[in-house]
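Notes for the structure review
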Amino acid sequence: MDGDRVEIDGGIMEGGGQILRVSTALSCVLGLPLRVRRIRAGRSQPGLRPQHLSGLEIVRDLCDGKLNGGEIGSTEITFTPGKIKGGTHIADTKTAGSVCLLMQVAMPCVLFAASPSELHLKGGTNAEMAPQIDYTVMVFKPIVEKFNFTFNCDIKRRGYYPKGGGEVVVQMSPVKELSPINLTERGTVTKIYGRAFVAGALPIKLAKDMSAAAVRCIRREIRDLYINIQPVREPDDQAVGTGSGIIIVAETSTGCLLAGSSLGKRGKNADKVGIEAAEMLLQNLKHGGTVDDSLQDQLIIFMALAKGVSRVKSGPITLHTQTAIHFAEQLTKAKFTVTKSEEEDSSNDTYIIECQGMGMINPNL
């Protein structure tokens, strides 16, 4: 069997957990045995962290696969996938490791399962270095569903750094195949909305301050739009620990969604959190793409699996996206091209990511 294993170097390009997520998910979907070496070699603490291990374990469980080297700190794993079956599965990082990153590795797998799946994902819902769960629900979900599938994401409890303790339940039915997407028309921004939240020991005033600072910042650039950023105090029975943050979404006339977000932490001024998110949103609006920096790389695996040609207009291509494309091409027969977008104002740094998808057909349906 080992002669047929796909060999992945986890230390090149972005050099982080994303390489593991993309390659394990594709290994599971395509039934390809995998070896990943030099896991997270580009990180200060290389090897598997609890969140990466939980992600590997849920993929293993989804398909009755075999995983070797699955322990914390391990820098090499081998994975042999079985048949993807669906059903109810639990992944628990037991830390503030991101539930959204668990969802990222599991979702492509359950799309090609034999029956519906219910995933109970436990850990941090609003974690640094990962999409916040609010981003996943408000931006990722409506856009990724354009590939012609739907999922339900129920936030049972929110969990914050350092303890985690959050839980989301994702329900999803399998599909026969994915449709390609065409996101090349930005349109004009029609509304801006969001939520600024506090939980645990923090007062609602902080959420109001984050929201007000963000609105002031956006107003300097965009004067005539109504901006609605709701300050929220998370109910105590629906949040574990103390946390704060903000997400702001801009919606356009063509249905594009772009966002900016930021998390509070001890000693960080609430105004600064709001301004950070607002500046990120404005930055994402400036380039004229149809997706923001956080969504860009998350769409790659679906483009690779879809049937037909997908096209997405984006801002500057992130290293995460380049990495996702590299490994998607290595594992699937998909072909990506990235070209500078010519049409408008040439001062815009926009690109068209085009993918001839492999047209994965669900063998289990």
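Rules behind the numbers
- Each chain carries its own residue numbering, running from 1 in the written order of its sequence.
- The model is predicted, so local features are restricted to residues of pLDDT at least 70 and side-chain atom pairs to those at 80 or more, both for listing and for counting; the totals for chains, interfaces and linings are taken over all residues.
- Excluded from the side-chain calculations are hydrogens and water; all other atoms, namely the structure's heavy atoms, are used.
- Only DSSP runs of H or I with at least four residues qualify as helices, and only runs of E with at least two residues qualify as strands; both kinds are numbered from the N terminus onward.
- For a helix, the expected span equals 1.5 Å multiplied by the number of residues minus one.
- Relative accessible area decides the class of each residue, using a 1.4 Å probe on protein chains only: under 20% of the type maximum gives buried, over 50% gives exposed, and in between gives partly exposed.
- The contact criterion used is simple: two residues touch if any of their non-hydrogen atoms lie within 4.5 Å.
- Think of each axis as a best-fit line through the C-alpha atoms, taken over the contacting stretch in the case of a helix, with angles from 0 to 180 degrees between the N-to-C directions.
- Just so you know how the angles are binned, under 35 degrees is roughly parallel, over 145 roughly antiparallel, 65 to 115 roughly perpendicular, and the rest oblique.
- The hand of a helix crossing depends on one turn: near helix anticlockwise from the far one by less than a right angle means left-handed, and clockwise means right-handed.
- Each residue is assigned to one class: nonpolar for Ala, Val, Leu, Ile, Met, Phe, Trp, Tyr, Cys and Pro, charged for Asp, Glu, Lys and Arg, and polar for all the others, Gly among them.
- Nonpolar cores are built from buried Ala, Val, Leu, Ile, Met, Phe, Trp, Tyr and Cys residues. Side-chain atoms within 4.5 Å join them into one set.
- Domains are outlined according to an automatic or database domain assignment.
- A pair is scored as a salt bridge if a Lys or Arg side-chain nitrogen falls within 4 Å of a carboxyl oxygen belonging to Asp or Glu.
- UniProt positions are given in the numbering used here, feature names are shortened, and annotations may be inferred rather than shown by experiment.
- Polar contact is the term for a pair of N or O atoms within 3.5 Å; when the atoms are in protein, one must be able to donate a hydrogen and the other to accept it, and sequence-neighboring residues count only if both atoms are side-chain atoms.

Bringing helix H2 (residues 50–62) into the picture now. Taking 1.5 Å per residue as the helical rise, H2 with its 13 residues ought to reach 18 Å, and the 18 Å between its terminal C-alpha atoms agrees with that figure. Buried residues of H2: Gln-51, His-52, Leu-53, Ser-54, Gly-55, Leu-56, Ile-58, Val-59 and Leu-62, and no others. Contacts from the buried residues of H2 go to helix H1 (17–30), strand S3 (66–68), strand S4 (77–80), strand S5 (87–92), helix H3 (99–111) and strand S6 (117–123). Directly after H2, the chain includes Asp-64, whose backbone phi takes a positive value near 50°.

To continue, consider the packing of H1 against H3. At their nearest, the axes of H1 and H3 sit 8 Å apart, and the two run at 25° to each other. Between H1 and H3, the angle is such that the two are roughly parallel. Crossing hand, H1 versus H3: right-handed. Contact with H1, carried on its side by Arg-21, Thr-24, Ala-25, Cys-28 and Val-29, involves Leu-101, Gln-104, Val-105, Pro-108 and Cys-109 of H3 and no other residues of that element. Residues of the contact of H1 with H3, tallied by class, amount to seven nonpolar, two polar and one charged.

Glancing now at the nonpolar core. Formed by 82 residues in total, the largest nonpolar core has its most connected members in Phe-149 and Leu-299. Two domains each put at least three residues into this core: domain 1 (6–183 + 291–358) and domain 2 (189–287). Apart from residues no more than four positions distant in its own chain, Leu-299 is found in contact with Ile-143, Val-144, Phe-147, Ile-181, Leu-183, Val-291 and Val-312. Of all hydrophobic cores here, the second largest spans 24 residues; its members include Ala-196, Val-198, Cys-256 and Val-273.

As a further point, take the pattern of salt bridges. Counted according to the given criterion, the structure contains 23 salt bridges. As a salt-bridge pair, Arg-37 and Glu-76 come within 3.4 Å of each other at their nearest N and O atoms. Remark: Glu-76 occurs in the loop between S3 and S4 and Arg-37 occurs in strand S2 (residues 34–37); sequence separation between them is 39 residues. Between Asp-134 and Arg-158 there is a salt bridge, with its nearest N and O atoms 2.9 Å apart. Here Asp-134 is found in helix H4 (residues 133–144), whereas its partner Arg-158 is found in strand S7 (residues 151–159), with 24 residues between them in sequence. For Asp-134, a relative accessible area of 3% translates into the label buried. Classification of Arg-158 as buried rests on a relative accessible area of 7%. Residues joined by salt bridges that share partners form a network here, namely Glu-7, Arg-35, Arg-37 and Glu-76.

Here we take up the UniProt feature "active site" (unreviewed entry) in the protein chain. When the UniProt feature table is mapped onto this chain, "active site" (unreviewed entry) is found at His-320. As for its placement among the helices and strands, His-320 is situated in helix H9 (residues 319–331). Every residue in contact with His-320, bar those within four places of it in the chain, is listed here: Glu-14, Gln-18 and Asp-297. Reaching out from His-320, the side chain makes a polar contact with the side chain of Glu-14 at a distance of 3.3 Å.

Now for unusual backbone geometry. Pro-162 follows Tyr-161 through a cis peptide bond whose omega is 0°. Locating Pro-162 in the fold gives a position in the loop between S7 and strand S8 (166–172). The backbone of Met-13 shows a phi angle near 50°, a positive value even though the residue is not glycine. Mapped onto the elements, Met-13 comes out in the loop between strand S1 (6–9) and H1. In this model, Asn-148 sits at a positive phi of 80°, which is unusual for a non-glycine residue. Its place among the elements puts Asn-148 in the loop between H4 and S7.

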